[in-house]
Every structure is written in C-alpha cells, then in structure tokens.
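Here are the chains, one letter per residue:
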Amino acid sequence: MFRIFCFSFCLLFTTYISKSAYSKSSINNDTLINVFQRGFKCAKKGEVDSAVLYFHKAIDEAKQVHDTVIWVKSCNNISFLRNSQGKYDQGIQAGLEILDILKEKNQNKSKLMALINIGISYYKKSDFPNALKYFIEAKDYALQFNSIIGELGTCYEEIGHVYRIIGDFKNAMIHYEKGLEVRLELSNKKAIAISYNNIGDLLLEQKKFSEALVNLKKSLKIKNELRNKKKIAITLHNISNVEFKLGQIRNARSNLLLAIKNRKEVNDRLGLVSSYLLLSSILIHENNFTKAEYYLLRAKELAKEIKALDQEREVYLQLKNLYAAQNKGKEALAYYDKYINIKDSIFNTENMQHMQEMETRYQTREKEQQIEVLNIEKEAKANESFYMKIVLGVFLFSLLPIGFFVKQRQKTRILKERVAASNRECTKLGMELHDSISGSLTYLCRSMEKESVGESFVDQLRQVSDEVRGISHQLNMTAIANQEFRDALSDSLQLDHFPEDIDLKIYVPDGFEIDDYEKKINLIRIVQELKTNSLKHGNASSIVISFSRLQNKVRLDYSDNGIGFDLKEAKKGNGLINIQERVELLSGKLDWQTSPGNGVSFHLTV
C-alpha cells in the first residue's frame, strides 16, 4: 500500500514538474517577444539607448530558449542603432556576434547584412582597409546565392564608395558600374537611380562635367517616374550646378526654378536656401542684380527662420559679392561685417558648447578616478600584510632601473615644458593678432570707406583683415582645444584661405572626438607642421589627411605628392624637430616614409 502511494505521488509530482517546465518555457517565449517588440518601439521613437537596452535583454532571453532568430535580429538592430550614434566599435561587436552565431550558415541574408554593416562601421571610422575587407567578403558571400539578390548591388556600391574616398577613381567606377548592372537586371528603379547618381557624382569630382550631366539626367528620369519630389529637387539642383559650370546658363536657370518649385511643395526650407544661393550666382553672372538681390534676401529670411547659421553666413557673403559687383561699397562692407560677425558667432558658440561638454566629461572622469582610488585603498588595506613581506625585495630590485626612469621622466618633463611654452606663445600671438591688428584693419577699412577711397582697395584690405582673423584662430590653442575636433582641424588649417590649386582631402569620421586636451592640441600642431612642409618645401599639389580610431588609440595618416626629402638630412630642421618632440610626448608609434622625388607618407598611432 505504501509503495502504491509512493509511486502515485512520484507520478503526480513528475507530471506537475513537466507542466511547470512547459509553462515556464511558454512564458519565456512570450516575454522574449514582448521585450524585442518594446526595443523596436523605442527605436522607432528615437529612444536609442532604451532600445539597445531592450535588445540586449532580448538577446539574454533568446540564449535561454535557444531562439537564434530573435538573437540575430536583436544583434542586427543594435549594430544599426550604434552606427547611427557614431558608436562604431559597438556596432562592429554586434555584427561579429552575428557572424559567430551563423558561421556555418550558407545563403543567409542576416549573415550577409552583418558583413555589410560591419563594413559600414569601419567606413564611418575611416578605417578603409577593414571596410574594403568586409565589403569584398560580403560581395563574395552574396555571389554564392542561387539567384542574383539586391544586396549584391549594395556590396558593389559600398566597395565603390571606399575606392572613391581613397582616390582610386578607376576601381570606384568599375564597382559602381557593376552595381548598376545588378540593379538593372533586377529592375529596381529606386536603386538604379542611386547608381546613376553615384556615377554622376564621381564624374563631377573628376571635373568630367558633360559625362556627369548624362548620368544625373538618367537618375532624374527615374526619379520623375517614382514621383518623389524631394529627391527630384535634389537631382535638379545638382544638374543645374553642373550646367552652370558648363556655361549652359539658360538650362541651369530653368532646372533650378523647377527644383525650387518642388522644394516649396514639400516645404524643404533648407533646400530652398541652397537653391536660392545657386540661383543668385547664376543671376549675378547674367548681371541681373535686382533679381539676384530678391532671391538672396528671401534666402536670408529663410535661413534666419530655420536658424541655419552656416547658410545665413553664406548668404551674407553672397550679398557682399552682389553689391561689390555693382560698386556699392557701403552695402558690400555692411554685409561683409555681418558675414564676419556670424562667422565669429558660430566659432564662439561652438567653443562655449564644447567647453561645457568638456567640463562635464572632466567632472565625470574625476568622480570615476575618486571611486577607483577608494577601491584601490580598500584592496591595499586588505592585502597589506602580504605586501609588507615582499616590499623590501621589490624596493631593492627597483633600485636597478631607477636611474633610467628618472632620466626618462626628466626628458618627458622638459619636452612638456617646451611644448607648453610653444602653445602658450602661439595662443598669445593669436590673441594679439585678433585684438590688435585685426581690429586696426577693420577700423582702417571703415575710415577709408568714409573718405571715398577706391572700393577695390578697401575690398582687398577687408580680405587681409579676414586672413589675419583666420591666422589668429589658427594660432589660438585654447580656442582650438575647446572646439569639436573636425572644426578645430578646419580652423587650424585655414581652409577658408587654402590655396585653390592644392587638392586637399580630409577624412574625419562622424562623431570623432579627442577628449584629452594635450593629445588634441599636439595632433593638430603636427598636422599644421606637415601641411607647412608640404606647401613651403615639398611643392605638393595634393594632400590627404585622415584620422581614425583603432580601439582606444587614434591614428593619423598624412600623405602628399611633393618632391619628398632625405629624412636623415632633414632632421635638423625646426619643423621636423617640433613634430618629433610632440610624437615623443604622446608616446606615439611613428612610421615615416619619404625620399627625394617620392612625396611624403606619415602614419602616427597614439
């Protein structure tokens, strides 16, 4: 009887456990789908960090119930969202997790998209070798599918983008055309229009205006069929710009008016400002100053309404050119002053914002360091007895290399003092230029205007004043350090006054920033020295500057096509000594390749 009771109890217990397990599994699946959907809803609302949190939670749930579909989808979403935030390393990490999950899978589109997304992450980091590696791997994987797929066209397009940005236009065109072939075979009109547009832009970059126009018109024809007015307007604007460069003024004006009409219908106010600016250039070329003024004043009001300071600045510069062309010196001077004021306003606003951001970051780091110190102190107390036993031996052993460390420390201190003194001197000189000489030039211009001195002379003097102001910004290290890196680099190189006959390409990833003031200033100073050498001594006609981030390190790549030099013979020059000292201060790894007749190739990792 007891045995029967025990058996019945065990049977009932086993049944209960089985039902509980089934119920728990069911609940987990429901919870998983719910968490994934909540992440998706947050992403749609633009709440990126919350969405990523939910997708990570979904991944943990998916691992428990072995749901690889939700796991992979969550990773793909995280990769896309982190890329949109500029957190490319996290995007790459999510993509690599997908590749690990699906490593044995063939003809799997999630795996293909992961390869493409990883390539895009590296591309946005300006790590072009790795971007090219993953795009080519994605292309080869796409070719394994039984039929042609749209993603193959995307792969060719992305490979073309990489070749284009590194200046290999021949390979860029080959891959753009292959992407077009795939899209034509699939009859994907939207993608075909993009391909024609890419080819047109590439030809425009090479100043092959006639061929560019042919491809842009093909893109426009398809966009007209798709009836997307905003995209039609963009292509019409670009076609008008090319026609203006070709001297086809009537066509340029006609297409631009169509672009303006479309932009009004879709309320693209930022686009309207750009089109009004281009139209005013065409009208000034035709000496139709009254209409040019009308469109520029409309552009000015629109730019103010949408608070587009960069566009407002360009409008003021164009108004200055308009009145200068009519020999109206007072009006030209008034708008030139507005142009300078708004340019300075943008500069100062960005400085203030960046200073506030840097202050917040500094306070956060300080708190983290305090917490870390407290943790170290606790750990030290806990292990005090152990350390006391070995401290004598460590002390005796440390006496051996102490001389080396003292010497190295002294060398670093001297380097720091020399570099800091150089930076202080540059900042002081920059402030003197801005506060004294620039102000004097402005006053002199206004005095001459009142005395009816020749307008062309006053205009040239204003240009000198602007150049002095630019040099003052270039030298002011405090102001540069308080800017975002991309803007700091632009100001330090004086891009507004850069020689037009020099082909300068600068690649800085979106969201790229250097929080360490010393590192930021020294890297910018190194670029300035390299640029000066290229223009002053190297007779270069092409310069390429690229910044990227490799894990926790920053990489600077600089190259020119100048006459090069003998590195051993040139080491005595002040410019190269300054570069070497800053590299040593940053503890950087430097690879410098140059020889007479072979240009300069400079690679620095810090």
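Reading the values: the criteria
Residues numbered from 1 in each chain as written. Predicted model: local features only at pLDDT ≥ 70, side-chain atom pairs only at ≥ 80, totals over all residues. Heavy atoms only, no water. Helix = DSSP H or I, 4+ residues; strand = E, 2+ residues; numbered from the N terminus. Buried < 20%, exposed > 50% of the residue type's maximum accessible area, 1.4 Å probe, protein only. Contact = heavy atoms within 4.5 Å. Areas by Shrake-Rupley, 256 points an atom, 1.4 Å probe, with all protein chains shown as cover. Salt bridge = Lys/Arg side-chain N within 4 Å of Asp/Glu carboxyl O. Pairing = 2+ DSSP bridges. Axes fitted to C-alpha atoms, helices over the stretch in contact; angles between N-to-C directions. Parallel < 35°, antiparallel > 145°, perpendicular 65-115°, else oblique. Left-handed = near helix turned anticlockwise from the far one by under 90°. Patch = residues over 30% accessible without salt bridge, like charges linked within 9 Å, V, L, I, M, F, W, Y side chains within 5 Å. Lys, Arg positive; Asp, Glu negative; His and termini not counted. Charge placed at Lys NZ, Arg CZ, Asp CG, Glu CD. Phe/Tyr/Trp six-rings, centres within 6.5 Å; stacked < 30°, edge-to-face > 60°. Expected span 1.5 Å × (residues − 1). Right-handed = clockwise from strand over helix to strand, strands pointing away. Polar contact = N/O pair within 3.5 Å; in protein donor to acceptor, adjacent residues only side chain to side chain.

*Asks:* Would you mind showing me how to read the overall build of the chain here?
*Replies:* A count of helices and strands for the chain gives 24 helices and 5 strands. Residue burial in the chain is summarised as follows: out of 606 residues, 42% are buried. Relative to all contacts within the chain whose residues are 6 or more apart in sequence, the contacts with residues 24 or more apart total 62%. Surface exposure of the chain reaches about 34,600 Å², of which carbon and sulfur atoms provide 53%.

*Asks:* Is there a simple way to explain the pattern of salt bridges in this structure?
*Replies:* Close approach of charged atoms allows side chains of opposite charge to pair. In total, this model carries 19 salt bridges according to the counting rule given. Residue Glu225 pairs with Lys189 through a salt bridge whose shortest N-O separation is 2.9 Å. Placement of Glu225 in helix α10 (residues 209-226) and of Lys189 in helix α9 (residues 189-205) is noted, with a sequence separation of 36 residues between them. Overall, the relative accessible area of 42% leaves Glu225 in the partly exposed class. With a shortest N-O distance of 3.0 Å, Asp503 and Lys505 are connected by a salt bridge. According to the relative accessible area criterion, Asp503 is partly exposed, its value standing at 38%. Overall, Lys505 belongs to the buried group, its relative accessible area being 17%.

*Asks:* Even after reading the chapter, I still don't get the sheet that holds strand β2 (residues 542-550), so can you show me in this structure?
*Replies:* Sheets are built from strands paired through backbone hydrogen bonds, the pairs being either parallel or antiparallel. Taken together, the 5 strands give an open sheet; going across it, the order is β1-β2-β3-β5-β4, and neighbouring strands pair in mixed fashion. In this open sheet, the two edge strands, each paired with only one partner strand, are β1 (503-507) and β4 (589-594). Taking each pair of neighbouring strands and ignoring which way they run, the sheet shows an average axis angle of 5°.

*Asks:* Before we go on, may I ask you to explain the packing of helix α3 (residues 68-85) against helix α4 (residues 88-101) in this structure?
*Replies:* The description of two helices packed together rests on the angle between their axes and the distance between the axes. Where α3 meets α4, the closest approach of the two axes is 7 Å, and the angle between their N-to-C directions is 160°. The angle between α3 and α4 places the two elements in the roughly antiparallel class. Note on packing geometry: the crossing formed by α3 with α4 is left-handed. Of the residues in α4, those in contact with Thr68, Trp71, Val72, Cys75, Asn76, Ile78, Ser79, Arg82 and Asn83 of α3 are Tyr88, Gln90, Gly91, Ala94, Gly95, Glu97, Ile98 and Ile101.

*Asks:* It is not clear to me how a positive patch on the surface should be interpreted in this structure. Could you clarify?
*Replies:* A surface patch of positive charge is lined by Arg38, Lys41, Lys45 and Lys57. Structurally, Lys57 can be placed in helix α2 (residues 48-65).

*Asks:* How do you make sense of the packing of aromatic side chains when you look at a structure like this?
*Replies:* Ring pairs (aromatic) are described by centroid distance and by the angle formed between their planes. Per the counting criterion, the structure on display carries 15 aromatic pairs. Taken together, a centroid distance of 5.7 Å and an interplanar angle of 85° make the contact between Phe128 and Tyr507 edge-to-face. Taken together, the residues span a long stretch of sequence, with Phe128 in helix α6 (residues 128-142) and Tyr507 in strand β1 at a distance of 379 residues. For the pair shown, Phe128 and Tyr507 are each scored as buried. Seen from their ring centres, Phe512 and Phe547 are 6.0 Å apart, and the 45° between their planes marks the pair as tilted. Of this pair, Phe512 sits in the loop between β1 and α22 (517-536) while Phe547 sits in strand β2; the two residues are 35 residues apart in sequence, bridging distant segments of the chain. Residues Phe512 and Phe547 agree in their burial class; the two are buried.

*Asks:* Before we go on, may I ask you to explain α2 in this structure?
*Replies:* Every α-helical turn comprises 3.6 residues, leaving residues that sit three or four positions apart pointing alike. With 18 residues, α2 should cover 26 Å at 1.5 Å per step; its first-to-last C-alpha distance of 26 Å lies within 8% of that length. Within the sequence span of α2, burial applies to Val48, Ala51, Val52, Phe55, Ala58, Ile59, Glu61 and Ala62. Two residues or fewer after α2 comes His66, characterised by a positive phi angle close to 60°.

*Asks:* I tried to follow the pairing of β4 on my own but got confused; where do I start?
*Replies:* For a regular strand, the rule is simple: side chains alternate between the two faces of the sheet. Where β4 and strand β5 (residues 600-605) come together, 6 bridges link them in antiparallel fashion. Paired with Gln593 across the two strands is Ser601, which belongs to β5. Where β4 folds back on β5, the antiparallel hairpin that results is connected by 5 residues, among which Gly597 adopts a positive phi of roughly 90°.

*Asks:* Mind showing me how you'd approach the packing of α6 against helix α7 (residues 150-165) here?
*Replies:* Following both chains from N to C, one finds α6 and α7 inclined at 155°, their axes separated by 9 Å at the closest point. The angle between α6 and α7 falls in the class roughly antiparallel. In this structure, α6 crosses over α7, and the sense of that crossing is left-handed. Touching Phe128, Ala131, Leu132, Phe135, Ile136, Ala138, Lys139 and Ala142 of α6 are Leu152, Cys155, Tyr156, Glu158, Ile159, Val162, Tyr163 and Ile165, all from α7.

*Asks:* Help me understand unusual backbone geometry in this model?
*Replies:* Leaving glycine out, the prevailing phi sign among residues is negative, and the prevailing peptide bond configuration is trans. Not every positive phi belongs to a glycine, and Lys207 is a case in point at roughly 60°. With respect to the helices and strands, Lys207 occurs in the loop between α9 and α10. Classification of Lys207 as exposed rests on a relative accessible area of 64%. Positive phi, close to 50°, is recorded for Asn539, a residue that is not glycine. The residue Asn539 is located in the loop between α22 and β2 in this model. Relative accessible area serves as the criterion here: at 56%, Asn539 is assigned to the exposed category.

*Asks:* Please clarify how the environment of Leu319 should be interpreted in this entry.
*Replies:* Topologically, Leu319 is positioned in helix α15 (residues 309-325). For the pair Leu319 and Glu293, spaced 26 residues apart in sequence, the C-alpha separation works out to 7.3 Å. Setting aside chain neighbours within four positions, we find Leu319 in contact with Leu296 and Tyr335.

*Asks:* Sorry if this is basic, but what is going on with the pairing of β2 here?
*Replies:* As paired strands, β1 and β2 are joined by 5 bridges and run parallel to one another. Pairing of Tyr507 across the sheet is with Ser546, part of β2. Note that the unit made of β1, α22 and β2 has a crossover that is left-handed. Alignment of β2 against strand β3 (residues 553-560), held across 8 bridges, turns out to be antiparallel. Along β3, the bridge assignment pairs Val544 with Ser559. Between β2 and β3, which pair antiparallel one after the other, the connecting turn spans 2 residues, and Gln551 there sits at a positive phi close to 55°.

*Asks:* I keep staring at the side chain of Lys505 and nothing clicks. Help me out?
*Replies:* Position of Lys505 relative to the elements: it lies in strand β1. Separated by 3.0 Å, the side chains of Lys505 and Asp503 make a polar contact.

*Asks:* Which parts of the structure should I look at to understand the side chain of Asn215?
*Replies:* Relative to the helices and strands, Asn215 resides in helix α10. The buried category is assigned to Asn215, whose relative accessible area is 10%. Residues in contact with Asn215, not counting those within four places in the same chain, are Tyr196, Ile199, Gly200 and Leu203.

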